[in-house]
Amino acid sequence: QNEHDWMTNEQENMTKIYGWTSIVIVIGVLCTFLYHFGTTVVTLFLSPYKSVGEDQRQNFSDLVVIEGYIPQVESPAYTYPL
């Protein structure tokens, strides 16, 4: 053995295997993280809304009578509803 060689060939091989395995695992974890992050971001911008029923073919601006609903919350701390 040369005095500059401080690892045997088997140790060098195991070090290479360990290094490449570590790189593959880190890349796998990173890809998994990016996938979950990406799906989370996509769900913020794309709605899973599915319409129920069909279009009634009535424009709101064409209605003769337009009524609005104002919800009220009763509270014992106030005289009037919120």
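Note that the structure is predicted; figures quoted are calculated from it, not measured.

1. As for unusual backbone geometry
Step number 1: The phi torsion at Arg-57 lies on the positive side, around 60°, for a residue other than glycine.
Step number 2: By the element assignment, Arg-57 lies in the segment after helix H1 (9–45).

2. Topic: the environment of Gly-68
Step number 1: Considering the arrangement of structural elements, one finds Gly-68 in the segment after H1.
Step number 2: With a relative accessible area of 72%, Gly-68 lands in the exposed category.
Step number 3: Taking the C-alpha atoms as reference points, Gly-68 and Thr-40, 28 residues apart in sequence, are found 36 Å from one another.

3. Looking at the pattern of salt bridges
Step number 1: For the coordinates displayed, the defined rule picks out one salt bridge.
Step number 2: Here Arg-57 ties to Asp-55 by a salt bridge, and the two come within 3.4 Å at their closest N and O atoms.

Conventions used here
Residues numbered from 1 in each chain as written. Predicted model: local features only at pLDDT ≥ 70, side-chain atom pairs only at ≥ 80, totals over all residues. Heavy atoms only, no water. Helix = DSSP H or I, 4+ residues; strand = E, 2+ residues; numbered from the N terminus. Buried < 20%, exposed > 50% of the residue type's maximum accessible area, 1.4 Å probe, protein only. Salt bridge = Lys/Arg side-chain N within 4 Å of Asp/Glu carboxyl O.

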